[in-house]
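# Coordinate analysis (summary)
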Amino acid sequence: MGKSWKTGLSGLALACCVAVLHAEPGPVILTVSGKISQFTDKEKNVYEFREQDLRSLKQHSVVTRTTWTPQSVFSGPLMRDILAKVGASGQKVKLRALNDYVYWIDSREFYDFDVVLARSVNHKPLDVGNRGPLWLMYPLDQMPEDKKGPAMDAKLVWQINRLVVF
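Residues numbered from 1 in each chain as written. Predicted model: local features only at pLDDT ≥ 70, side-chain atom pairs only at ≥ 80, totals over all residues. Heavy atoms only, no water.

## Observations concerning the side chain of Arg 119
Relative to the helices and strands, Arg 119 is located in the loop between strand E7 (116–118) and strand E8 (120–121). At a separation of 2.3 Å, a polar atom in the side chain of Arg 119 contacts the side chain of Glu 51. (Helix = DSSP H or I, 4+ residues; strand = E, 2+ residues; numbered from the N terminus. Polar contact = N/O pair within 3.5 Å; in protein donor to acceptor, adjacent residues only side chain to side chain.)

## Digging into helix H3 (residues 79–86)
By the burial criterion, the buried members of H3 are Met 79, Ile 82, Leu 83 and Val 86. The buried side chains of H3 occupy one side of the element, clustering within an arc of 100° when seen end-on. Directly beyond the C-terminal end of H3, a positive phi value near 70° is found at Gly 87. (Buried < 20%, exposed > 50% of the residue type's maximum accessible area, 1.4 Å probe, protein only. Arc of directions from axis to C-beta.)

## Here we look at the sheet that holds strand E3 (residues 59–64)
Within the open sheet, the four strands sit side by side as E3-E4-E8-E9. Their pairing is antiparallel. Pairing within the sheet leaves two strands with one partner each, and these edge strands are E3 and strand E9 (124–125). Strand direction decides the pairing type here: strand E4 (residues 72–77) and E8, joined by two bridges, are antiparallel. Counted as the bridge partner of Phe 74 is Val 121 from E8. (Pairing = 2+ DSSP bridges.)

## Focus: the packing of aromatic side chains
Applying the stated criterion across every chain, the model contains six aromatic pairs. For the pair Phe 74 and Trp 135, a centre-to-centre distance of 5.3 Å together with 90° between the ring planes defines the contact as edge-to-face. Placement of the pair is Phe 74 in strand E4 and Trp 135 in strand E10 (residues 135–137), with a sequence separation of 61 residues. Under the relative-accessibility criterion, Phe 74 is labelled buried at 0%. Relative to Phe 166, the ring of Trp 104 has its centre 4.7 Å away and its plane inclined at 45°; by these criteria the two rings are tilted. Of this pair, Trp 104 sits in strand E6 (residues 102–106) while Phe 166 sits in the segment after strand E11 (160–165), and the two are 62 residues apart along the sequence. (Phe/Tyr/Trp six-rings, centres within 6.5 Å; stacked < 30°, edge-to-face > 60°.)

This is how it looks when you write it as structure tokens:
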């Protein structure tokens, strides 16, 4: 009885390890397409980011206030790091939100300013009910006055799930 019990336990442990290795890596949070040279799915010509992919990029924080929030800490990877990861070569980026809101931004802005694709606010993960999973955030408190206002607010796209590089 002792030997078969140990063999059964070893087999169960091995089965659990194999199941963990083949577990789903989590849902796709962000899909990037267009003028990119790196792909996670070459058939679809897209780079798909999951939570762990975004977490693996260097994280940055922007402390700023918005029209909708008091001064808060917005944290996530820089947009320029995401564009570098996918090998982006376009001049414009189209951001699309879960509700199909679309906004176009000149990609130079992501190199001129430390624009964060925020995954959390005040160290709490963003979710769909709270402008997540991703919210584009500029360092608003550090921006020149002529860049602030309604035109800048329109760029602060939340619930982002797709980027297309043109």
